Amino acid sequence: MTATGVALGVGLIVALLSISAGVSKTAGDLIHVGRADFGLFQRDASDLTKSLLPASLEERIAADKGVAQTARLFLYVTTVSGRDSVLLFGLDPKEFPYGRLVIVAGRRGTGDEALLGDRAAKSMGLKPGDYLTISGHRYRIAGLYHSGDRFEDIGAVLPLPIVQKLAGRPGEVTTIAVIARLGSQPKLVAKRLEAQFPGVAAVTEPGQAVKIDTSSRLILQTGWIIALLALIVGGIGITNTMAMSVFERFREIGILRAVGWRSWRIGAMIVSEAIGICLLALALGLLLGYAAAELFVRRGLSQLVTPDFTAGVFAWGLAFALGVGLLGAIYPTLRAVRLTPIEALRHE
């Protein structure tokens with residue numbers, strides 16, 4: 001039961017860190033579409049794809065002295081040819097994100113033709129000349145492209161007005177991509193634009209995505225509070241369990257001291273038992289963390305976010321488990337090593 005309590009804390013730590021890493025990874029792909037230096041989004045949107053900015057804002061952004069190029073993008077998650085959660089990119093063929101797409105098969109589209117990422121084409125079994133079905137409309141695939149951006153290569157590109165119409169948002173865009181002028185620092189340009197246009201968030205690094213993604217921010221903030229409580233409760237649970245273990249084994253400890261066990265060896269026995277409980281909790285917690293992360297993502301986050309279970313995530317889970325074990329073992333260990341053989345053997 002003690003291990004289960006600690007496992008809940010470990011599971012929350014693993015889930016929260018993997019979601020945070022997943023949000024950063026997703027943001028890293030989306031804010032650099034077309035190899036832009038940074039992206040401008042609506043502040044406090046529920047996630048990156050729910051941001052809405054007036055398309056006319058691009059002209060004012062482009063007038064900044066530190067801006068070399070801008071581009072309007074509409075990111076729209078929808079069902080494409082029966083496949084759910086496909087990301088459509090609404091791009092203007094005259095702007096840099098479209099021009100930087102490398103066509104690997106077919107040709108660039110004209111009119112209402114579509115381009116399909118090479119990874120999406122492989123998984124969907126489509127080729128140039130086939131059709132994409134979106135909201136009852138069919139769009140001919142003019143060519144396949146590769147961009148090097150994970151989300152672009154598993155998505156599809158249509159002209160900006162078409163995606164705006166599909167989303168029911170004419171005259172609006174999800175983001176404005178920006179390339180800083182040579183000699184200008186992107187972070188300084190981004191900060192200046194944020195100050196000039198209240199309500200707009202400039203995301204230059206993946207870790208800043210929480211300025212926009214309120215769903216992730218809410219889950220992470222709430223989760224950290226719960227994880228802290230789990231740490232406290234887990235520590236108390238370990239302390240209680242090991243203290244009772246020491247209390248019930250006074251005579252055993254006295255016999256060990258009488259036959260020559262030193263204090264450090266008694267202490268090591270108590271600490272190793274506490275760590276053993278926490279390692280069991282770690283194994284259970286990793287499973288719980290994986291399940292919790294998948295559940296949080298499916299129920300409360302953007303469909304584009306996938307938990308990223310890195311080595312660092314598991315290392316933090318291990319540190320949490322060992323930290324709880326060591327903290328919880330302090331009092332029982334001190335109690336055990338201070339026992340004298342006579343006092344312990346006299347105890348009933």
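See the structure above.
Residues numbered from 1 in each chain as written. Predicted model: local features only at pLDDT ≥ 70, side-chain atom pairs only at ≥ 80, totals over all residues. Heavy atoms only, no water.

Q: Would you take a moment to explain the overall build of the protein chain for this structure?
A: The secondary structure content of the protein chain amounts to 12 helices and 12 strands. Out of the 348 residues in the protein chain, the part that is buried amounts to 47%. Taken as a whole, the protein chain presents about 16,600 Å² of accessible surface, with 60% of it coming from carbon and sulfur. (Helix = DSSP H or I, 4+ residues; strand = E, 2+ residues; numbered from the N terminus. Buried < 20%, exposed > 50% of the residue type's maximum accessible area, 1.4 Å probe, protein only. Areas by Shrake-Rupley, 256 points an atom, 1.4 Å probe, with all protein chains shown as cover.)

Q: I would appreciate a short explanation of helix α11 (residues 311–337) in the present structure.
A: In an α-helix, one turn spans 3.6 residues, which is why side chains three or four residues apart end up on the same side. Spanning 27 residues, α11 covers 37 Å between terminal C-alpha atoms, matching the ideal 39 Å at 1.5 Å per step. At Ile330, α11 shows its maximal kink, close to 40°; a proline, Pro332, follows between one and four residues later. Val313, Gly317, Phe320, Ala321, Val324, Gly325, Gly328, Ala329, Pro332, Thr333 and Ala336 are the residues of α11 that are buried. (Expected span 1.5 Å × (residues − 1). Bend = angle between axes of the 7 residues up to and from the residue.)

Q: Sorry, what's going on with the packing of aromatic side chains here?
A: To describe a pair of aromatic rings, you give the distance between the ring centres and the angle between the ring planes. Tallied over the full model, the rule gives two aromatic pairs. Ring geometry for Tyr290 versus Phe309: centroids 5.0 Å apart, planes at 35°, classification tilted. With Tyr290 in helix α10 (residues 263–300) and Phe309 in the loop between α10 and α11, this residue pair connects regions lying 19 residues apart in the sequence. Considering the side-chain rings of Phe309 and Phe314, the 6.3 Å spacing of their centres and the 20° angle between planes classify their relative orientation as stacked. (Phe/Tyr/Trp six-rings, centres within 6.5 Å; stacked < 30°, edge-to-face > 60°.)

Q: I tried to follow unusual backbone geometry on my own but got confused; where do I start?
A: Where the residue is not glycine, phi is negative for most of them; where a peptide bond is considered, it is trans in most cases. We note that Ser81 has phi near 50°; this positive angle belongs to a residue other than glycine. Within the secondary structure, Ser81 is located in the loop between β3 (67–80) and β4 (83–91). Residue class for Ser81 comes out partly exposed when judged on its relative accessible area of 34%. Backbone geometry at Ser135 places phi at a positive 50°, although glycine is not the residue there. In this fold, Ser135 is placed in the loop between β7 (131–134) and β8 (137–146).

Q: Help me understand helix α6 (residues 160–167) in this model?
A: Residues of α6 that are buried include every one of Leu160, Ile162, Val163, Gln164 and Leu166, and no others. Where α6 is buried, its residues contact β3, β4, β7, β8, β9 (156–159) and β10 (172–173). Positioned one or two residues after α6, Gly168 has a phi angle of 70°, which is positive. (Contact = heavy atoms within 4.5 Å.)

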